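# Working through the structure, step by step
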Amino acid sequence: MIDNWFQTGKSLALQASLSICTRSTPIMTVILELKHRFASAMAAALGAEFASQDPVLVPTSNPKFGDYQANFAMGLSKQLSQAPRQIAQAVLDRLEVSDLCETPEIAGPGFINLMLKRSYLEGRLGMMQGDDRLGIPKVAKPQRVIVDYPSPNIAKEMHVGHLRPAVIGECFARILEFQGHDVLKLSHVGDWGTPFGMLIAHLQSAYPEALASDELNVADLATFYREAKKRFDSDEAFQTSARQAVVLLQAGDETTLKAWRVVCALSKRSYRKIYDALGIAEDIVDRGESFYNPYLADVVTALRASGLLVEDQGAQCVFLEGFTNKEGNPLPLIVQKSDGGYNYATTDLAAIRYRISEDKAQRLVYTTDVGQTNHFIQVFQVAKRAGWVSGGVTLEHAPFGLVLGADGKRIKSRDGESVPLQELLDEAVERTRSDLVKRLELEERSETPEWIDHVAQVVGLGAVKYADLSQNRNSNYIFDYDRMLALAGNTAPYMLYVYARVQSIGRKGGVDLSQLETAAVSLSEADEVTLVKHLLLLQDTIDAVAADLLPNRLAQYLFELAQKFNVFFENCPVLKAEDSVKTSRLVLCDLTARTMKIGLDLLGISVLDRM
Ligand code: ARG
C-alpha cells in the first residue's frame, strides 16, 4: 500500500515549491518522503540492489538528536565489510534532503540524525489547510474489501458481547473507506439452526396474529426471547415443538420458514436500534448464514474435486495441516456431518467462495472474539489449499478479547445472565448526564434539556466506544464507567474536550476558523513544532491501522495529539498574541481540531462544539 504514494515520481518539496500541489495530487507523508530520498541515496552509494533496502527510519527518542534517525548502517556492515560510519557517510554523501532537513549528522556507531526544517513543516501545513482530508490522498489502487461485522447470532438478545464486533468492525470499515477502498460491509448473522426452533415455536403458539400479518409487534424483543426460553425450560411439550420446528425449518417447510422470517425481521430491527445509537453504518448488508444454504453442497463437491475431501466415520472432512489431536494425528475439519448436515465451517467456506467469485473481494476482513481464531485459521487454510483464494486475495481474521466486569470476570447481571447491551449504553449516558448537570451547576451555566441530552449521548456513547478501541483489541479489558468517563486521561471526554476548546477559542476571539485556509503559519516555539510534527503523522497512523487492523494505534495517536496540544496551548498564548503570531497559532488550533475530528470519526465518535 505504501508504494502507492511513490507513483507521482515528483517529490513533495518540488510540488510545494512549484505550487502545483492540487488536492488530487497524492503526496507522500514525511516518513515516506524521507524513505524515498534514502532509497535513491542508497542505490547511488551502495548499488542499485540497495534501492529497496529499509533505511530503518525511527523517530528519535531525544529531540536533541533531531526528529528521525536512520539506523540501516549497522545492519549492513557485515554484508558490505565496511564500518557502519563509513557506510552511513557514503549514503549521506548522496542523500538529497536539503529541502526537508537541516544538514544531517552521523552520530554514535553510524546513525544518521535528521531534523526537519521549519520551512518544510510550514509548507506541509499549507497543504493541509483548506483540504477536507487534511492533505491525505486516497490510495492509488483501491481494493474491493469486505469487512465481516458485527455478525451477531440473532436468536439472542444483544448483550455486552456484541459491543466489540460492532465497534471494532465499524472502525475498520471507516478507515478503509477513508483510504478510498470500496468497502462492502457484510453482517454474517447467525440466522439459522437450532436456536430458532424455540423462537419459531413460541411465535406460532403465542402470536398467531404475527404470522398472519407477517410482523410481530412486541415492544421489546428481550421479553419475547425470555418468554420463549422460560417455556422451553419448563414445558416438555414445548421442547418437542421447538425441535420439530428446527426439522421443518431445515426441510424448507413454507409455514415454518414464514415464522422464521418474522423472527429474523424482528431481531434485525431491534439490533438496528442499538447500531443506530452506536453510529454503526446504515449500509451494512445483513447476509446471514441462511443465505449460503444453496451453496453448501457445492463446497463439498468442490473439495472432493480438489482431492482434499476424506470420509472419516461417515463424515466428510479435510485433514488440517498443523492441527493434531491428543494422539498426534491430524485433526479433521468436518464439512458435512454423517447425518448429511452442514456446519459453521461449511458456511464460511461457501461464504469465502461467494465473496471472492461473486462479490469480487480482494481483501476479506473478519472480526470476532479470539475464541474463533482456530476456526478462521482452519477455514482459511482449507480455502487456500482448495485453490479458491488466488490472485493476491487476502483473508484476515482480527480477533478481540473479552469485555470484563470490575471484578475481572465476565460481566453478568444479578441473575447470572449476560447484561443487555442497551442497559450498559443507557447507564453510560445517564452517568454522563449526571456529571454534566453537576458541572453546569458549578459553572453556573444553564443549558436546554435538548442540549444536555445530546451532549450526554455523544459523550457517553463515545466514551464506551473509545474505551474499547483504545485497548489493543487482542486483550480483554475491564468495563469501567469511572475510567472511561473521566475528563482526564486516555478517554473520549479528554479528546472531545480538545475539540470543543478550539471551537471556543474561535468563538471567544470572534474568528471563523474555516476562514483560515490561506493564512500563513510561521513556527517559532518548540511546543508549536512538536505539535506540528505530530499533526503530520495522521496519515501514517491511518495507514498503519489499515494494515495491521489495530485501532488502538489511532487512539494513542489522538491521545498524544491532545497532550501535545494542551502543552502548546498552555505555553503559547493564542488570542493574546500579536496579529501574525495569533493567526499562525489559530491555524494550529484549527488543524488540531480537524485532525481530532477526522480521527475520532474514524473511531466512530462524533465531536461537540461545546461541552
Ligand atoms: N455469528 C458468529 C458469532 O456470533 C460470528 C460470525 C462471524 N463471521 C463469520 N463469517 N463467521 O459468533
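About the thresholds
- Residues numbered from 1 in each chain as written.
- Predicted model: local features only at pLDDT ≥ 70, side-chain atom pairs only at ≥ 80, totals over all residues.
- Heavy atoms only, no water.
- Helix = DSSP H or I, 4+ residues; strand = E, 2+ residues; numbered from the N terminus.
- Buried < 20%, exposed > 50% of the residue type's maximum accessible area, 1.4 Å probe, protein only.
- Areas by Shrake-Rupley, 256 points an atom, 1.4 Å probe, with all protein chains shown as cover.
- Lys, Arg positive; Asp, Glu negative; His and termini not counted.
- Charge placed at Lys NZ, Arg CZ, Asp CG, Glu CD.
- Pairing = 2+ DSSP bridges.
- Axes fitted to C-alpha atoms, helices over the stretch in contact; angles between N-to-C directions.
- Contact = heavy atoms within 4.5 Å.
- Parallel < 35°, antiparallel > 145°, perpendicular 65-115°, else oblique.
- Nonpolar A, V, L, I, M, F, W, Y, C, P; charged D, E, K, R; others polar.
- 1 Å grid on protein atoms, 1.4 Å probe; cavity = no way out; pocket = protein on both sides within 12 Å on 5 of 7 lines; lining within 4 Å.
- Points joined across faces, edges and corners; volume = space filled by probe spheres on them.
- Near = heavy atom within 4 Å.
- Polar contact = N/O pair within 3.5 Å; in protein donor to acceptor, adjacent residues only side chain to side chain.
- pLDDT = per-residue confidence, 0-100.
- Core = buried A, V, L, I, M, F, W, Y, C linked by side-chain atoms within 4.5 Å.
- Phe/Tyr/Trp six-rings, centres within 6.5 Å; stacked < 30°, edge-to-face > 60°.

The next subject is the overall build of the chain. Scanning the chain from terminus to terminus reveals 22 helices and 14 strands. For the chain, the C-alpha atoms occupy an extent of roughly 85 × 70 × 45 Å along the three principal directions. Classification of the 611 residues of the chain by burial places 52% in the buried group. For the chain, the accessible area works out to roughly 27600 Å², and carbon and sulfur atoms hold 50% of it. Placing the 64 positive and 77 negative side-chain charges of the chain at their respective mean positions leaves the two points 2 Å apart.

It is worth spelling out the sheet that holds strand S1 (residues 57–59) at this point. One open sheet accounts for four strands, arranged S1-S2-S4-S3; its pairing is antiparallel. Edge positions in the sheet fall to S1 and strand S3 (105–107), since each has one partner strand and no second. Direction aside, neighbouring strands of the sheet carry axes that sit 35° apart on average. Pairing of S3 with strand S4 (residues 111–114), which is carried by three bridges, proceeds in the antiparallel orientation. The residue of S4 that forms the bridge with Glu-105 is Asn-113. Taken strand by strand, helix H4 (residues 84–94) contacts S3 and S4, and its axis lies near 170° from that of S3.

Orientation of helix H10 (residues 236–250) relative to helix H11 (residues 254–278), taken along the N-to-C sense of each, is 105°, at an axis distance of 8 Å. On the basis of their axis angle, the class for H10 and H11 is roughly perpendicular. Note on element contacts: H11 touches H10 through Thr-256, Leu-257 and Trp-260, opposite Ala-245, Leu-248 and Leu-249.

Turning our eyes to something else, we now look at the packing of helix H6 (residues 163–178) against helix H22 (residues 579–602). Where H6 meets H22, the closest approach of the two axes is 8 Å, and the angle between their N-to-C directions is 130°. As far as their axial angle goes, H22 and H6 are oblique. Between H6 and H22, the residues in contact are Cys-171, Arg-174, Ile-175 and Phe-178 and Ile-598, Asp-601 and Leu-602, respectively. Classifying every residue of the contact of H6 with H22 by side-chain character gives five nonpolar, no polar and two charged.

Here three strands make up an open sheet; going across it, the order is S8-S9-S10 and the pairing antiparallel. The open sheet is flanked by strand S8 (309–312) and strand S10 (330–336), the only strands paired with a single partner. Within this sheet the neighbouring strands show an average axis-to-axis angle of 55°, counted without direction. Of the pairings in the sheet, the one linking S8 to strand S9 (residues 315–324) comprises four bridges and is antiparallel in character. Residue Val-310 lies in a different strand from S9, and its bridge partner there is Cys-317.

Moving on: the pairing of S9. Hairpin connection between S8 and S9: a loop of two residues separates the two successive antiparallel strands, and Gln-313 in this loop has a positive phi of roughly 50°. Both S9 and S10 contribute to a ladder of five bridges, which runs antiparallel. The residue bridging Phe-319 from the neighbouring strand is Pro-332, located in S10.

Our focus in this paragraph is empty space enclosed by the protein. This structure, assessed with the given rule, holds two cavities of 30 Å³ or more. If you add up the space inside the largest cavity, you get close to 150 Å³. In this structure, the largest cavity is lined by 13 residues; those nearest its centre are Arg-124, Met-128, Leu-134, Ile-136 and Leu-536. Of all elements in the fold, only helix H5 (118–128) and helix H20 (538–548) reach the threshold of two or more residues within the lining of the largest cavity. Ranked by the residues each element gives to the lining of the largest cavity, the list is headed by H5, at three residues. For the lining of the largest cavity, the per-class residue count stands at nine nonpolar, three polar and one charged.

The local shell around the ligand consists of Asp-148, Ser-151, Asn-153, His-188, Tyr-344, Asp-348, Tyr-366, Thr-368, Gln-372 and Phe-376. The separation between a nitrogen atom of the ligand and a polar main-chain atom of Ser-151 is 2.9 Å. Protein burial of the ligand: of its 350 Å² of free accessible surface, 88% is covered by the chains. A per-class count over the shell around the ligand returns three nonpolar, five polar and two charged.

As a further point, take the layout of surface pockets. Each pocket or cavity is described by its volume, and for the second largest pocket that value is around 850 Å³. The wall of the second largest pocket is formed by 31 residues, among which Pro-59, Tyr-68, Lys-533, Leu-537 and Lys-564 lie closest to the centre. Going through the elements one at a time, helix H2 (30–46), S1, helix H19 (526–535), H20 and helix H21 (552–571) are the ones with two or more residues in the lining of the second largest pocket.

Turning to the confidence of the model for the chain, a few remarks are in order. Of all residues in the chain, 95% attain a pLDDT of 70 or more, and the chain-wide mean is 92. Within the model, the stretch residues 1–25 combines pLDDT values under 50 with 49 contacts to residues more than four positions away or in other chains.

This next bit is on unusual backbone geometry. Residue Pro-150 follows Tyr-149 across a cis peptide bond; omega there is -15°. Position of Pro-150 among the secondary structure elements: in the loop between strand S5 (144–148) and H6. Here the phi dihedral of Glu-444 falls at roughly 55°; this positive angle occurs in a residue that is not glycine. In this fold, Glu-444 is placed in the loop between helix H15 (421–442) and helix H16 (449–469). Of note in the backbone geometry, Leu-549 takes a positive phi value of approximately 55° without being a glycine.

Phe-72, Leu-203, Phe-479 and Leu-603 are the most contacted members of the largest nonpolar core, which has 164 residues in total. It is H16 that provides the largest number of residues to this core, a total of 12 residues. Once residues within four sequence positions are removed from consideration, Leu-203 is found in contact with Pro-208, Ala-210, Leu-211, Leu-216, Phe-224, Ala-259, Val-262 and Val-263. Of all hydrophobic cores here, the second largest spans 36 residues; its members include Leu-296, Leu-309, Leu-364 and Val-389.

Counted by the stated rule, this structure contains 17 aromatic pairs. Pairing Phe-224 with Tyr-225 gives two aromatic rings, centres 6.4 Å apart and planes at 50°, and the pair type is tilted. Accessibility classification places Phe-224 together with Tyr-225 in one group, the buried group. For the pair Tyr-366 and Phe-376, a centre-to-centre distance of 4.8 Å together with 45° between the ring planes defines the contact as tilted. Of this pair, Tyr-366 sits in strand S11 (residues 363–366) while Phe-376 sits in helix H14 (residues 373–385); the two residues are 10 residues apart in sequence, bridging distant segments of the chain. The same class applies to Tyr-366 as to Phe-376, namely buried.

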